[in-house]
Amino acid sequence: MDNPRVEKSFVVGNARIGADPLEPALYLVATPIGNLGDITLRALHILAGADIVACEDTRVSRVLMARYGISHSLTAYHEHNAREAGPRLLAAIGDGMSVALISDAGTPLVSDPGYRLVDQAVEKGLRVVPIPGPSAVLTALSASGLPTDAFLFGGFLPVKEGQRRARLETFRQTPATLIFFESPRRLADSLASMAATLGAERSACVARELTKTFEEFRRGTLAELAEHYAETGAPKGEVVVCIEPPQEEESVSAEDVDRLLLSLSTEMSASKAAGEAARMTGGRKSELYQRLLALKAESDAG
C-alpha cells in the first residue's frame with residue numbers, strides 16, 4: 001500500500017507549508033461538514049504528512065485535498081470494503097506507516113464504519129490519535145436553543161414505521177436532548193413518529209445545510225415541524241433533528257411502562273427488555289419481566 005507523493009505540504013492562502021512525517025498510528029481526522037474553511041491547521045498537517053489517507057468516497061475527499069494543495073492518492077475505506085481494506089490499513093501501520101482516516105464530512109466513526117477499524121487497531125496494540133474538529137451533532141446542538149448539559153446522539157432511526165416508533169420509545173424518558181440524523185425524504189414521516197411517540201408538544205429544532213450558504217434552523221414543537229415538512233415536502237441537504245428532554249414533572253404511568261415493555265420486546269428478548277425497562281424507569285427487573293410475560297399472554301389470548 002505504498003503511496004508516493006510529490007511533496008508533503010499544504011497550501012493556506014498564498015503560503016505553502018511543509019508537513020513533517022508522522023509517527024506510525026491511525027489518525028482520526030475531522031473534516032468540514034460543509035464549509036471547507038472549517039478545517040483545522042492540525043488536520044491539514046496530518047493529511048499532508050500521512051503516508052496513507054483513507055476515506056469513504058475518494059471523489060468527495062479529493063475536493064478537500066485539492067482546496068488545500070495536498071498531493072495525495074486516496075484509499076477507499078467504506079462500509080462495502082471494510083473487511084478487505086481494514087486489515088491492509090492496519091498492516092501498513094504495523095509496518096511503520098501513518099494512516100489518516102477521514103469521513104465524507106465531520107468526525108470519523110459518527111455514522112460510518114470507522115469504529116471497526118479503531119476497535120481492531122486497539123486490539124492489535126496500535127496507536128490511535130484523534131484529530132478533533134467539525135461535528136454536525138455538536139454544531140446543530142449548539143444553535144438549537146435546547147439544553148446542552150446532557151444529550152444523546154441516536155444516529156439514524158429505522159426506516160420502517162413500527163421499528164422507528166419502537167426505537168423512539170426507548171428514548172421517551174431519556175433525561176437529555178435527543179439528536180438524530182435523518183434523510184430529507186423521510187423527515188416528515190420521522191417527525192410524525194417522534195410527535196406520536198415522544199410527545200407532540202415537545203420543542204425541537206430541525207437543522208439543515210449546516211455551515212453552508214443556505215443553512216437553516218427551524219424551531220417549533222414536534223407536531224408543528226411534522227406538519228410543516230408534510231406540507232412543504234422534503235428539504236434539500238443533510239438534516240439533524242434535536243429534541244428537548246422530557247419535562248421533569250412528567251411521570252411514568254403504568255400504561256407508559258406497558259408500552260415501553262412491548263416496544264422493547266420487539267427488538268430483544270423478554271429478559272433483556274425487562275432489564276432495559278428497569279434501567280429507564282427505576283422499576284424492578286423481576287416485576288417488569290413478569291408484567292411483560294402477562295402482557296404477551298394477554299396479546300396471545302386476544
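Bear in mind the structure is a predicted one, so any value in this text is a computation, not a measurement.

Attention now goes to the side chain of Thr 177. Here Thr 177 is to be found in strand β9 (residues 177-182). Judged by relative accessible area, which is 0%, Thr 177 ranks as buried. A polar atom in the side chain of Thr 177 sits 2.6 Å from the backbone oxygen of Pro 147. Residues within four places of Thr 177 in sequence aside, it is in contact with Leu 141, Leu 146, Pro 147, Ala 150, Phe 151, Leu 152, Cys 242, Ile 243 and Pro 245.

The biggest cluster of nonpolar side chains holds 23 residues, and the ones touching the most others in it are Tyr 27, Val 29, Leu 47, Val 53, Ile 70, Ala 100 and Ile 131. Looking at this core, the elements that each hand over two or more residues are β3 (25-29), α1 (41-49), β4 (52-55), α2 (58-67) and β7 (128-131). The element contributing the most residues to this core is α1, with five residues. With 20 residues, the next largest nonpolar core counts Leu 191, Met 194, Leu 222 and Ile 243 among its residues.

Looking only at α1, the buried set comprises Ala 43, Leu 44, Ile 46, Leu 47, Ala 48 and Gly 49. Contact partners of the buried residues in α1: β1 (9-12), β3, β4, α2, β6 (98-101) and β7.

Together, Glu 201, Glu 224, Glu 227 and Glu 231 make up a region of like negative charge exposed at the surface. Along the polypeptide, Glu 201 turns up in the loop between α7 (187-198) and β10 (203-208). Residue classification places Glu 201 among the exposed residues on the basis of a relative accessible area of 61%.

A full pass over the atoms with the stated rule returns three aromatic pairs. With 5.6 Å between their ring centres and 65 degrees between their planes, Phe 156 and Phe 181 make a pair best called edge-to-face. In this pair, Phe 156 is assigned in strand β8 (residues 151-156) and Phe 181 in strand β9, connecting sequence segments 25 residues apart. Given the relative accessible area of 12%, Phe 181 is considered buried.

This paragraph deals with the sheet that holds β3. Spatial strand order, β5-β4-β6-β3-β7: five strands in an open sheet with parallel pairing. Each edge of the sheet is formed by a strand with only one pairing partner; in this case those strands are β5 (74-76) and β7. The mean angle between the axes of side-by-side strands here comes to 25 degrees, regardless of whether they run parallel or antiparallel. In this sheet, β6 lies alongside β3 in parallel orientation, the contact comprising four bridges.

Conventions adopted
- Residues numbered from 1 in each chain as written.
- Predicted model: local features only at pLDDT ≥ 70, side-chain atom pairs only at ≥ 80, totals over all residues.
- Heavy atoms only, no water.
- Helix = DSSP H or I, 4+ residues; strand = E, 2+ residues; numbered from the N terminus.
- Buried < 20%, exposed > 50% of the residue type's maximum accessible area, 1.4 Å probe, protein only.
- Polar contact = N/O pair within 3.5 Å; in protein donor to acceptor, adjacent residues only side chain to side chain.
- Contact = heavy atoms within 4.5 Å.
- Core = buried A, V, L, I, M, F, W, Y, C linked by side-chain atoms within 4.5 Å.
- Patch = residues over 30% accessible without salt bridge, like charges linked within 9 Å, V, L, I, M, F, W, Y side chains within 5 Å.
- Areas by Shrake-Rupley, 256 points an atom, 1.4 Å probe, with all protein chains shown as cover.
- Salt bridge = Lys/Arg side-chain N within 4 Å of Asp/Glu carboxyl O.
- Lys, Arg positive; Asp, Glu negative; His and termini not counted.
- Charge placed at Lys NZ, Arg CZ, Asp CG, Glu CD.
- Phe/Tyr/Trp six-rings, centres within 6.5 Å; stacked < 30°, edge-to-face > 60°.
- Pairing = 2+ DSSP bridges.
- Axes fitted to C-alpha atoms, helices over the stretch in contact; angles between N-to-C directions.

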